[in-house]
Amino acid sequence: MNERTRLKLLNARDGLNIARQWALSTANLYQQAMDTPAHFASQSEWRPRFERVICELTVFSQTGIL
């Protein structure tokens, strides 16, 4: 399941505020993973994917728009 699907599910099940909180929390976790050299998210082939998802999650957490 990808983050967009999770956000849609959370929004429908628990409401927009919970979905936005989850998005911000997850973006922070992904950023921590990228900042940890031993984590695969910090590797050059994975980093751009995480950066894109972090950006999308951050925008959703601020606007509520996918």
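Along each chain, residues carry numbers from 1 onward, in the same order as the chain's sequence is written. Local features are withheld for residues below a pLDDT of 70 in this predicted model, meaning they are given only at 70 or higher, and side-chain atom pairs are given and counted only at 80 or more; totals for whole chains, interfaces and linings count all residues. Working from all heavy atoms in the structure, the side-chain values ignore hydrogens and water.

1. Things to note about the overall build of the chain
Put simply, DSSP marks the helices as runs of H or I at least four residues long and the strands as runs of E at least two long, and each gets a number from the N terminus on. Along the chain, the regular secondary structure elements total three helices and zero strands. The order of helices and strands in the chain, counted from the N terminus, is α-α-α. For the chain, the C-alpha atoms occupy an extent of roughly 35 × 20 × 15 Å along the three principal directions. By residue count, 24% of the 66 residues in the chain fall in the buried class. Look at the contacts in the chain between residues 6 or more apart in sequence, and 51% of them connect residues 24 or more apart. Values of accessible area rely on a 1.4 Å probe in the Shrake-Rupley scheme; residue burial ignores everything except the protein chains shown. When the accessible surface of the chain is totalled, it reaches about 4,400 Å², and 55% of it is carbon and sulfur. Each charge sign in the chain was given a centre, from 8 positive and 6 negative side chains, and these centres are 7 Å apart. Exposure categories follow from relative accessible area, calculated using a 1.4 Å probe and restricted to protein chains: below 20% of the type maximum is buried, above 50% is exposed, and the middle band is partly exposed. Only heavy atoms matter for contacts: two residues are in contact if any of them lie within 4.5 Å across the pair. Charge assignment: positive for Lys and Arg, negative for Asp and Glu; neither His nor the chain ends contribute. Charge placement uses NZ in Lys and CZ in Arg. For Asp and Glu, CG and CD serve respectively.

2. A few points about the environment of Y30
Within the secondary structure layout, Y30 lies in helix α2 (residues 16-34). Measuring from C-alpha to C-alpha, the distance between Y30 and L9 comes to 20 Å, with 21 residues separating the pair along the chain. At a separation of 2.5 Å, a polar atom in the side chain of Y30 contacts the side chain of E3. Side-chain atoms alone can form a polar contact between residues adjacent in sequence; in general such a contact is a pair of N or O atoms within 3.5 Å, and within protein one must be able to donate a hydrogen while the other accepts it.

3. Points about helix α1 (residues 3-14)
Its 12 residues give α1 an end-to-end C-alpha distance of 15 Å, which sits within 8% of 16 Å, the value for a rise of 1.5 Å per residue. Listed in full, the buried residues belonging to α1 are E3, L7 and L10. The buried residues of α1 occupy an angular sector of 65 degrees when projected down its axis, which confines them to one face. In α1, those exposed residues whose orientation departs by more than 90 degrees from the buried face are K8, A12 and R13. Taken together, the buried residues of α1 touch α2 and α3 (47-63). Regarding α1, its N-cap is N2, as a side-chain oxygen of that residue lies 3.1 Å from the backbone nitrogen of R4 further along. Just downstream of α1 lies G15, where phi reads positive at about 105 degrees. Helices are assigned an expected span. That span is 1.5 Å times one less than the residue count. The arc refers to the directions leading from the helix axis to the C-beta atoms.

Keep in mind these values describe shape, not function.
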